[in-house]
Amino acid sequence: MNDKLTDLTRRLAVSGALSREEYEYLIVNRTPDVAQSLAHAALSVRERIYGRDVYVRGLIEISNICRNDCLYCGIRRSNKNVCRYRLEPRDILACCDEGYDLGFRTFVLQGGEDGFYTDGLLCDLICDIKTAHPDCAVTLSLGERSRESYAALKSAGADRYLLRHETASPEHYASLHPAQMSFSARMACLYDLKDLGYQVGCGFMVGSPGQTPAHIARDLEFIAEFKPDMCGIGPFIPQRDTPFGTEPAGTLELTCYLLSVIRLICPNVLLPATTALGTIDPFGREKGILAGANVVMPNLSPPSARKKYALYDNKISDGAESAQSKAELVRRMDAIGFRVVTARGDIIK
Ligand code: SAH
């Protein structure tokens, strides 16, 4: 490791934020040694705040119907090869009930931007979930909505909102999305959510088409400035029916490297080892946890929905990825010295 890398690694570990140029240097010049020392620092920061606990979330994929046409996403509107579905409120409540019995205390409702889920429907649903399970957190991941909508859902009891920023570079954002979508609208949503008092998650895909180290450096700079409560990053994985169907996938190595960097930028952040990471490597989740992640989000969707929520090819939903196989997840985390806990798992500030 050269002197500059040693200095950057040390400064990141003690103070968090670096400049954009420094992040870029850290990405371009990374070596296995640097990765190891960042992972070591990330693990000790994580351990100081969260101990060896791993928080679990039950992920319910409520609909694969989407008005948007994101170029990377398998459930984009123009993909005609998707068998579309949506879950009714009673189906979603049944998933929560089952998840509760399995030891989940956070339910994440994620889906495409499906107009079926009006504010009225969602507010009633959130109230019903909260009434049935007052000790649980409800996280929404339903894309861009109006500030009024976010406010109504918050009043109904929603606690957290995940909305990945996807990329912090406007021109890169434009190359990943159709003209109707805009970087500024995405950012406005994120700041609205924060302003309304949600615990907010941003994030991006690692290795998305056209992504350069300079883009990632901007993502890291944005994360340092936005200070999200949660941050979802996972490798881009091509979906064959999308315009990016033949692009290469992002790597496990860079994703784990960035998990460590993000842990050091935001020591308290809730950082999942994502499904995409588990999909590109059979030990992806473990490697993510060992790089500094502290959350896993097993799939709690009805089995009939799982295959249809195909954001990318070969997306896993079996084994430890399935909420019903929590015992396997517990075992696997235990094997690397971590403990899956039954708790809401709010950010510790
Ligand atoms: N409609 C919601 C949920 C989107 S799906 C929203 O807009 O927030 C959740 C995340 O999956 C997306 O934010 C995106 O970062 C990720 N994703 C989509 N397609 C992907 C792909 N091909 N490979 C990896 N991740 C993908």
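Structure: see above.
Read on for a plain summary of the structure. Just so we're clear, the structure is a prediction, and the values are computed from it rather than from any experiment. Here the residue numbering is sequential within each chain, running from 1 through the sequence in written order. pLDDT decides what is reported in this predicted model: residues at 70 or higher carry local features, side-chain atom pairs at 80 or more are listed and counted, and totals for whole chains, interfaces and linings draw on all residues regardless. Remark: hydrogens and water are excluded; side-chain values derive from all non-hydrogen atoms of the structure.

**Looking at the site of the ligand**
Whether a residue is near a molecule or strand is decided by its heavy atoms; if any one of them lies within 4 Å of it, the residue is near. Lining the immediate surroundings of the ligand are 17 residues, of which Tyr72, Gly111, Arg164, Glu166 and Ile237 lie closest. The backbone of Gly111 places a nitrogen or oxygen atom 3.0 Å from a nitrogen atom of the ligand. Within the contact set of the ligand, an oxygen atom lies 3.4 Å away from a side-chain nitrogen or oxygen of Arg186. Its free accessible area being 550 Å², the ligand has 92% of it covered by the protein chains. Lining residues are defined by having an atom within 4 Å of a point belonging to a cavity or pocket. Those points lie on a 1 Å grid over the protein atoms alone, cavities being sets where a 1.4 Å probe fits but cannot get out and pockets being open sets with protein on both sides within 12 Å along at least five of seven lines. A cavity or pocket is said to hold a molecule if more than half of that molecule's atoms lie within 2 Å of its grid points. According to the grid-proximity analysis, the pocket containing the ligand is the largest cavity. In this count, Pro and Cys sit with the nonpolar residues alongside Ala, Val, Leu, Ile, Met, Phe, Trp and Tyr, while Asp, Glu, Lys and Arg are called charged and the others, Gly among them, polar. For the shell around the ligand, the per-class residue count stands at 10 nonpolar, 4 polar and 3 charged. In protein, a polar contact requires one atom able to donate a hydrogen and another able to accept it; more generally it is a pair of N or O atoms within 3.5 Å, and residues adjacent in sequence count only if both atoms are side-chain atoms. The protein chains shown are the only cover counted for residues, whose accessible areas, like all others here, come from Shrake-Rupley with a 1.4 Å probe.

**Points about the sheet that holds strand E1 (residues 53–56)**
On the basis of which strands lie adjacent, the open sheet formed by 3 strands has the order E8-E1-E9 and parallel pairing. Looking along the sheet, the strands with just one partner apiece sit at the ends: strand E8 (295–296) and strand E9 (339–341). Strands qualify as paired when DSSP identifies two bridges or more between them. Per the convention used, a helix needs a DSSP run of H or I reaching at least four residues, while a strand needs a run of E reaching at least two, with both numbered from the N terminus. Pairing geometry for E1 and E9, over 3 bridges, is parallel. Across the sheet, Asp53 pairs through a bridge with Arg339, a residue of E9. We call two residues contacting when some pair of their heavy atoms lies within 4.5 Å. For helices, the fitted line uses only the C-alpha atoms of the stretch in contact; every axis is such a line through C-alpha atoms, and the angle between N-to-C directions lies from 0 to 180 degrees. Each of E1, E8 and E9 touches helix H14 (residues 326–335); the most contacted strand, E9, lies at about 140° to it.

**Structural notes on the sheet that holds strand E2 (residues 58–63)**
Within the open sheet, the 6 strands sit side by side as E2-E3-E4-E5-E6-E7. Their pairing is parallel. In this open sheet, the two edge strands, each paired with only one partner strand, are E2 and strand E7 (230–235). Each strand axis lies, on average, 20° off the axis of its neighbour in the sheet, ignoring direction. The strands touched by helix H8 (residues 183–195) are strand E5 (160–162) and strand E6 (199–206); relative to E6, the strand with the most contacts, the crossing angle is about 150°.

**Examining empty space enclosed by the protein**
Grid points are joined across faces, edges and corners, and a volume is the space filled by probe spheres set on the points. On inspection of all chains with the given rule, the structure shows 1 cavity of 30 Å³ or more. Volume-wise, the largest cavity comes out at about 970 Å³. What lines the largest cavity is a set of 49 residues, among which Gln110, Ser141, Arg164, Glu166 and Leu311 lie closest to the centre. Elements represented by at least two residues in the lining of the largest cavity include exactly E2, strand E3 (106–111), strand E4 (137–141), E5, E6, E7 and helix H11 (275–280). Take the lining of the largest cavity: its biggest share by element is 5 residues, from E7. Considered class by class, the residues forming the lining of the largest cavity number 26 nonpolar, 13 polar and 10 charged.

**Structural notes on the environment of Thr279**
You can see Thr279 is positioned in helix H11. Along the sequence, Thr279 and Gln239 sit 40 residues apart, while their C-alpha atoms lie 13 Å from each other. Leaving out residues up to four positions away in the same chain, Thr279 has contacts with Ile237, Tyr312, Asp313, Asn314, Lys315 and Ile316. In terms of polar contacts, Thr279 uses its side chain to reach the backbone amide nitrogen of Ile316, at 3.3 Å.

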